[in-house]
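Overview (structure and organization)
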Amino acid sequence: CIRDRSGVDSHVVDQLHDRAVVKSGMNIDPEFASTQMKATRSAFGTTGKETVRVIQSFSTADLNPANPKDWQKANEIGYQLARKAFSGHQVAIYTQLDGTGHKLHNHIIVNMPNLKTGKKYHHQNDFKRLAKLNDEIAREHGLSVIDRSKAPTEQRTMAERQLKTKNEYVWKDDLRAHIDEAMLDASISSYKDFSETLSKSGIITHERGKSLSFDFLDTENKHRRARGKSLGADYEKEQIFNELERRDQQP
């Protein structure tokens, strides 16, 4: 068989008509996650941000993308993280084998309201807790753990950190949430679709050379502008365009 550089048989990749190679759900059926999550939010009257996405990636040195058994293992690890981190919430775990190099990764989609209390998950300032839980699970399975002291972080001003500490409005987080929501829509597979979707939320996207920038009015009706780079690696032009191109080429 013909194999790509990551060692995955080309026919395996060609037959991945569904983006997810393995699916699971906590308090939800992953096949109907969107509908069930929407019903839950409606029952609790949840407004604002609807879901949170956590991406959990695996090194090819730990899990072999050419081995379907490792697909299942990756999903099980994602489920363990969901159980530890998001108890009481609806969570869908989608293990994917796509993108450059076909590395295994999970998209963990968390519905905002708690099923018992209806209170929303406080996603801001939660990265350290999630990273710690993820690393604990990785060690339990004998997987490698990232040295986070060397990992790049999002650029935040002192004022932004102070606002987040007080759990107050941060306009860049608001902007990130809108971009995340657009990128969660699998039907968006071009820059035109992406920019038009954001424009419906009042966000104007500008493409300049190797970068993207975003303009919008925040909740205080103040004009804001940010470059993708200042929002974080996931919001840079190369990262967004690679994902859109991958979707466009998906069967």
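Look up a bit, the structure's there.
Summarised in this report is the structure supplied together with it.

Counted by the stated rule, this structure contains nine salt bridges. The shortest N-O distance in the salt bridge between R41 and E50 comes to 3.4 Å. A salt bridge links E220 to K222; the nearest nitrogen and oxygen atoms lie 3.6 Å apart. Classification of K222 by relative accessible area gives partly exposed; the value is 42%.

Their axes nearest at 10 Å, the elements helix α6 (residues 171-184) and helix α7 (residues 191-199) cross at an angle of 135°. Overall, the two elements α6 and α7 adopt an arrangement that is oblique. When the axes of α6 and α7 are compared, the crossing they make is right-handed. On α7, the residues touching H178, I179, A182 and M183 of α6 are F194, T197 and L198. Broken down by class, the residue content of the contact of α6 with α7 amounts to five nonpolar, two polar and no charged.

Quick look at unusual backbone geometry now. Where the residue is not glycine, phi is negative for most of them; where a peptide bond is considered, it is trans in most cases. The phi dihedral of N27 is positive, around 65°, even though this residue is not glycine. Classification of N27 as partly exposed rests on a relative accessible area of 44%. The phi torsion at N221 lies on the positive side, around 65°, for a residue other than glycine. Mapped onto the elements, N221 comes out in the loop between β6 (211-217) and β7 (223-227). Classification of N221 as exposed rests on a relative accessible area of 59%.

Before going further, it helps to examine the pairing of strand β4 (residues 104-111). A regular strand carries its side chains on alternate faces of the sheet. The buried fraction of β4 is high, at eight of eight residues. The pairing of strand β2 (residues 51-57) with β4 spans seven bridges and is antiparallel. The residue of β4 that forms the bridge with I55 is H107. The sheet contact formed by strand β3 (residues 91-97) and β4 spans seven bridges and is antiparallel. Residue Q96 lies in a different strand from β4, and its bridge partner there is H105.

This part takes up the sheet that holds β3. Reading across from one edge, β1-β3-β4-β2 is the order of the four strands in this open sheet, with antiparallel pairing throughout. Either end of the sheet is taken by a strand with one partner, and the two such strands are β1 (20-26) and β2. Each strand of the sheet is rotated relative to its neighbour by a mean of 15°, with strand direction disregarded.

With that settled, the discussion passes to helix α4 (residues 127-140). Taking 1.5 Å of rise per residue, 14 residues should cover 20 Å, and α4 covers 20 Å from first to last C-alpha, within 8% of that figure. Listing the buried residues of α4 in full gives L130, A131, L133, D135, I137 and A138. Where α4 is buried, its residues meet β2 and α3 (68-85). Looking at the residues trailing α4, positive phi occurs at G142, about 70°.

Our focus in this paragraph is the layout of surface pockets. Here the second largest pocket defines a volume of roughly 1,400 Å³. Lining the second largest pocket are 48 residues, with E50, T51, I109, E181 and L184 positioned closest to its centre. Residue assignment for the lining of the second largest pocket shows that the elements contributing at least two residues are β1, α2 (33-44), β2, β3, β4, α6 and α7. Tallying contributions element by element places α6 first for the lining of the second largest pocket, with nine residues. Within the lining of the second largest pocket, the residues separate by chemical class into 17 nonpolar, 15 polar and 16 charged.

What describes two packed helices is the angle between their axes and the distance between those same axes. Interhelical geometry of α3 versus α4 gives an angle of 135° and a closest axis separation of 10 Å. In terms of their interaxial angle, α3 and α4 are classed as oblique. As for how α3 packs across α4, the hand of that crossing is right-handed. Residues I77, Q80, L81, K84 and A85 of α3 form the contact with α4, whose own contacting residues are R129, L130, L133, N134, E136, I137 and E140.

Scoring rules and cut-offs
- Residues numbered from 1 in each chain as written.
- Predicted model: local features only at pLDDT ≥ 70, side-chain atom pairs only at ≥ 80, totals over all residues.
- Heavy atoms only, no water.
- Salt bridge = Lys/Arg side-chain N within 4 Å of Asp/Glu carboxyl O.
- Buried < 20%, exposed > 50% of the residue type's maximum accessible area, 1.4 Å probe, protein only.
- Axes fitted to C-alpha atoms, helices over the stretch in contact; angles between N-to-C directions.
- Helix = DSSP H or I, 4+ residues; strand = E, 2+ residues; numbered from the N terminus.
- Parallel < 35°, antiparallel > 145°, perpendicular 65-115°, else oblique.
- Left-handed = near helix turned anticlockwise from the far one by under 90°.
- Contact = heavy atoms within 4.5 Å.
- Nonpolar A, V, L, I, M, F, W, Y, C, P; charged D, E, K, R; others polar.
- Pairing = 2+ DSSP bridges.
- Expected span 1.5 Å × (residues − 1).
- 1 Å grid on protein atoms, 1.4 Å probe; cavity = no way out; pocket = protein on both sides within 12 Å on 5 of 7 lines; lining within 4 Å.
- Points joined across faces, edges and corners; volume = space filled by probe spheres on them.

On their own, these measurements won't tell you what the molecule is for.
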